[in-house]
Amino acid sequence: MVPKMTSMAVARPLCSHSCLFLAFSLVSIVSLLFFSNSLLSDPNLRISRGTVETGINVFVAELPRSLNYGLLDKYWSSPPDSRIPSDPDHPTRKPNPPKPGKYPENPLIKQYSAEYWMMGDLETPPEKRIGSFAKRVFSESEADVVFVPFFATLSAEMELGNGKGSFRKRSGNEDYQRQRQVVDFLNKTQAWKRSGGRDHVFVLTDPVAMWHVRHEIALSILLVVDFGGWFRLDSKSSSFPERIEHTQVSVIKDVIVPYTHLLPRLDLSRNQRRHSLLYFKGAKQLTFISIIICLHSKWSGGLIREKLWDLLVDEHDIVMEEGFPNATGREQSIRGMRNSEFCLHPAGDTPTSCRLFDAIQSLCIPVIVSDNIELPFEGILDYSEFSVFVSVSDALTPKWLANHLRSFSERDKESFRSRMAKVQSVFVYDNGRADGIGPIQPDGAVNHIWKKVQQKVPMVKEAVIRERRKPVGTSVPLRCQCI
């Protein structure tokens, strides 16, 4: 019996140690799983589940300088913009001496300046691009996408502002000549021939940028503010052959990008009591370019805006101001947006406008009146966390909108503004440099655009391979608009 007792005496401590080790291991695993789950479920932490952000390789097409920074030189030496009574870039109503690398302050142009800031990021020396998601490469074979460095918006707006009425014509239209130069150049490159342009990135934030050659770049990745001015009425409409067919422009291959905000950022710590319920400042009736867009597309947002104006203008705590985006209008907008709980965002000549992004920078809760709208960076951001969405039919019901907005409690509005403050930087392009070339904000608009472009790369590569193996003489109809 003694040996048996000795054996049991020895076994007990061994079992005790094993049980303690097993128990400790289980506790450690459970704790780790709980900690990991709490990180992934925290909505304030931007952690990508199952993906590693490695950046995107970008080759810059070697277009002549006259199509980008050279256009800026031409702009500063041009006459004032004929469309506005007070051009901030030409205060003496005479051409200015060149301002190397500076983008216009003219609000009609500045709101579309994404092309300038994206180009500035890629032109920044590599050692200063530590925070950039896009990695510039100098060989087409190493690139995921090819960036086309054409300031298409600036080109179009210079033509619109010259007062000659030549924009819709091709003869005597300098913008058309530049568009043609860009497309002809690209068609000769090996990169374009290899992919059919599918992996080329065009910045077309102005609704009329590349107007005359859109059908030739329809397969490319287009960076646009929305699709409001892009669809043809139907396949039989031939009055405007430059329009892209609805099957060739889509959130599947293209990227919605933000306008450049024109109003300064208001920090949440400086927010003060707001005295009006709802604020809107803008044109009540359609502009000339709005009429062009509406006549040749399915868009009718301008009519909705006019009806909303008539319904809301007499409400006692709602401010509806008609005005132009000049210096005086800017100051009025700053005061109006910072003094109001909500800012109305009805459709105009296009579904969106820089007004939405001015509201976000002003911590004025956006009220987005639309049944179908594309917004930047959805999938990364959830706009319903800091915006109010309203259907057109509800908004056009007398008294409905005002009553709906009055139903939000102070706590609701504080939550909207708190969440809005966390995403203000996402819509900022400006890097603080006078020439636009320099380090960008890592959490700013440029990086978010490239992250969205990267999401398109696998689909683009698949389309290129499919096209390459297609038997000679066969054709497959383009089908993009499926969501």
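The sections below set out a description of the structure shown in this document. These numbers were taken from a predicted model, which means no experiment stands behind them.

Here we look at the overall build of the chain
1) Next: Within the chain, the regular secondary structure consists of 15 helices and eleven strands.
2) Next: Across the 483 residues that make up the chain, the buried fraction comes to 50%.

Details of the pattern of salt bridges
Side-chain pairs of opposite charge can arise where the charged atoms are in close proximity.
1) Next: Tallied over the full model, the rule gives 26 salt bridges.
2) Next: Glutamate 467 is the salt-bridge partner of lysine 470, the closest N and O atoms lying 3.1 Å from each other.
3) Next: The exposure class of glutamate 467 is partly exposed, given its relative accessible area of 36%.
4) Next: The network of salt bridges with common partners includes Glu315, Asp317, Lys399 and Arg406.

Here's the deal with the environment of lysine 456
1) Next: If you trace the backbone, lysine 456 turns up in helix α15 (residues 445–468).
2) Next: In this structure lysine 456 comes out as buried when scored by relative accessible area, which is 8%.
3) Next: Sequence separation between lysine 456 and isoleucine 252 is 204 residues, and the spatial gap between their C-alpha atoms is 7.4 Å.
4) Next: Those residues in contact with lysine 456 that lie beyond four places of it in its chain are Ile221, Val251, Ile252, Lys253, Asp254 and Val255.

What about the sheet that holds strand β10 (residues 365–369)?
1) Next: As summarised here, the arrangement of the five strands in space is β8-β7-β9-β10-β11, forming an open sheet in which the pairing is parallel. Two strands close off the open sheet at either side, each with one partner strand: β8 (318–322) and β11 (388–390). Pairwise comparison of adjacent strand axes, ignoring direction, gives a mean angle of 25° for this sheet.
2) Next: In the packing of helix α14 (residues 410–423) onto the sheet, contacts are made with β9 (340–346), β10 and β11, and the angle to β10 comes to roughly 95°.

Here we look at the sheet that holds strand β4 (residues 200–203)
Backbone-to-backbone hydrogen bonds pair the strands of a sheet. The strands run either parallel or antiparallel.
1) Next: The strand order across the open sheet built from six strands is β2-β1-β3-β4-β5-β6, with neighbouring strands paired in parallel fashion. The sheet terminates laterally at β2 (134–137) and β6 (255–256), the two strands that pair on one side only.
2) Next: The pairing of strand β3 (residues 145–147) with β4 spans two bridges and is parallel. Of the residues in β4, the one forming a bridge with phenylalanine 147 is valine 201.
3) Next: Running over the sheet, helix α4 (residues 114–123) touches β1 (56–60), β2, β3, β4 and β5 (221–224) and is turned about 65° from β2.

Here we look at the packing of aromatic side chains
1) Next: For the coordinates displayed, the defined rule picks out 17 aromatic pairs.
2) Next: Pairing tyrosine 116 with tryptophan 117 gives two aromatic rings, centres 4.8 Å apart and planes at 75°, and the pair type is edge-to-face.
3) Next: Owing to a relative accessible area of 8%, tryptophan 117 belongs among the buried residues under this scheme.
4) Next: What links up through ring pairs into an aromatic cluster is the set Tyr112, Tyr259, Phe357, Phe377, Tyr383, Phe386 and Phe427.

Structural notes on the packing of helix α5 (residues 152–161) against helix α6 (residues 174–187)
1) Next: One way to put it is that α5 packs onto α6 with a least axis distance of 8 Å and a crossing angle of 160°. With respect to α6, the axis of α5 lies roughly antiparallel. The segment α5 lies against α6, with Ser155, Ala156 and Glu159 engaging Glu174, Asp175 and Arg178.
2) Next: Residue classes in the contact of α5 with α6 are distributed as one nonpolar, one polar and four charged.

A word on α4
1) Next: Among the ten residues of α4, nine are classified as buried, and the element is accordingly described as predominantly covered.
2) Next: All of the buried residues in α4 are Ala114, Glu115, Tyr116, Trp117, Met118, Met119, Gly120, Asp121 and Leu122.

Looking at the environment of glycine 131
1) Next: Within the secondary structure layout, glycine 131 lies in the loop between α4 and β2.
2) Next: When the C-alpha atoms of glycine 131 and aspartate 443 are compared, they prove to be 8.7 Å apart, with 312 residues separating the residues in sequence.

Overview of helix α11 (residues 354–361)
1) Next: Of all the eight residues making up α11, eight are buried; the element is thus mostly covered by neighbouring parts of the structure.
2) Next: Within the sequence span of α11, burial applies to Cys354, Arg355, Leu356, Phe357, Asp358, Ala359, Ile360 and Gln361.
3) Next: Once α11 finishes, leucine 363 follows within two positions and takes phi at roughly 55°, a positive value.

About the thresholds
Residues numbered from 1 in each chain as written. Predicted model: local features only at pLDDT ≥ 70, side-chain atom pairs only at ≥ 80, totals over all residues. Heavy atoms only, no water. Helix = DSSP H or I, 4+ residues; strand = E, 2+ residues; numbered from the N terminus. Buried < 20%, exposed > 50% of the residue type's maximum accessible area, 1.4 Å probe, protein only. Salt bridge = Lys/Arg side-chain N within 4 Å of Asp/Glu carboxyl O. Contact = heavy atoms within 4.5 Å. Pairing = 2+ DSSP bridges. Axes fitted to C-alpha atoms, helices over the stretch in contact; angles between N-to-C directions. Phe/Tyr/Trp six-rings, centres within 6.5 Å; stacked < 30°, edge-to-face > 60°. Parallel < 35°, antiparallel > 145°, perpendicular 65-115°, else oblique. Nonpolar A, V, L, I, M, F, W, Y, C, P; charged D, E, K, R; others polar.

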